[in-house]
Amino acid sequence: QVQLVESGGGLVQAGGSLRLSCAASGRTSKSYAMGWFRQAPGKEREFVAAISWSGGSTSYADSVKGRFTISRDNTKNTMYLQMNSLKPEDTARHYCAASNSFSYEVTADRYDYWGQGTQVTVST
């Protein structure tokens, strides 16, 4: 089992930046691909970004490409999402997830563990 805890969310003005963190604990000796998803009120959960176990491969949703950067530090069992040039449409609860896969995954059903989420709110 792996436990995931997100942090770093908050309220920011449009054009601003935030960095989300996802700390993993538990069975972290195993290799996991990881990802970020988000869900706005009244909308389905959507893919944001994903990273392979090694960190060598990444994938982004078109809506965040060029603005967000996913990374991980396996020595600290932590994944990050640097979010720049934030827009009001980025407002959502952001979740980190871990998959028993080595390669990155872009669909929620490929993930085995989820955090509770952290709220990101972008004002105009």
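Thresholds applied
Residues numbered from 1 in each chain as written. Predicted model: local features only at pLDDT ≥ 70, side-chain atom pairs only at ≥ 80, totals over all residues. Heavy atoms only, no water. Helix = DSSP H or I, 4+ residues; strand = E, 2+ residues; numbered from the N terminus. Rg over C-alpha atoms; globule rule 2.2 N^0.38 Å. Buried < 20%, exposed > 50% of the residue type's maximum accessible area, 1.4 Å probe, protein only. Contact = heavy atoms within 4.5 Å. Areas by Shrake-Rupley, 256 points an atom, 1.4 Å probe, with all protein chains shown as cover. Core = buried A, V, L, I, M, F, W, Y, C linked by side-chain atoms within 4.5 Å. Pairing = 2+ DSSP bridges. Axes fitted to C-alpha atoms, helices over the stretch in contact; angles between N-to-C directions.

A.B. asks: Please clarify how the overall build of the protein should be interpreted in this entry.
C.D. replies: In terms of helices and strands, the protein carries 0 helices and 11 strands. Starting at the N terminus and walking to the C terminus, you meet the elements of the protein as β-β-β-β-β-β-β-β-β-β-β. Over its C-alpha trace the protein gives a radius of gyration of 13 Å, about what one expects of a compact globule, namely 14 Å for 124 residues. Taken along its principal axes, the extent of the C-alpha atoms in the protein is 40 × 25 × 25 Å. Counting every position in the protein, which comprises 124 residues, the buried fraction comes to 45%. The long-range fraction of contacts in the protein, counting pairs at least 24 apart against all pairs at least 6 apart in sequence, stands at 58%. A total accessible area of about 6300 Å² is found for the protein, and carbon and sulfur atoms account for 46% of it.

A.B. asks: What is the right way to look at the nonpolar core in this model?
C.D. replies: Inside soluble globular proteins, nonpolar side chains tend to come together where they are buried. Leu-4, Trp-36, Ile-70, Met-79, Leu-81 and Met-83 are the most contacted members of the largest nonpolar core, which totals 32 residues. Those elements that provide at least two residues to this core are β1 (2-7), β3 (18-26), β4 (33-39), β5 (46-51), β7 (68-73), β8 (78-83), β9 (92-99) and β11 (118-123). It is β5 that provides the largest number of residues to this core, a total of 5 residues. When near neighbours in sequence (up to four residues on either side) are disregarded, Leu-4 contacts Cys-22, Ala-23, Ala-24, Met-34, Cys-96, Ala-97, Ala-98, Tyr-113, Trp-114, Gly-115 and Gln-116.

A.B. asks: Teacher, can you tell me more about the sheet that holds β1 here?
C.D. replies: Through backbone hydrogen bonds, the strands of a sheet pair up, either in parallel or in antiparallel fashion. Strand order in the open sheet made by the 4 strands is β1-β3-β8-β7, with antiparallel pairing throughout. At either end of the open sheet lies a strand with only one pairing partner, and these are β1 and β7. Direction aside, neighbouring strands of the sheet carry axes that sit 15° apart on average. Sheet topology note: the β7/β8 ladder contains 6 bridges and is antiparallel.

A.B. asks: Teacher, can you tell me more about the pairing of β3 here?
C.D. replies: Regular strands show a simple pattern: their side chains alternate between the two faces of the sheet. Of the pairings in the sheet, the one linking β1 to β3 comprises 6 bridges and is antiparallel in character. Within the sheet, the bridge partner assigned to Val-5 lies in β3 and is Ala-23. In the sheet, β3 pairs with β8 via 6 bridges, with the strands oriented antiparallel. If you follow Leu-20 over to β8, its bridge partner there is Leu-81.

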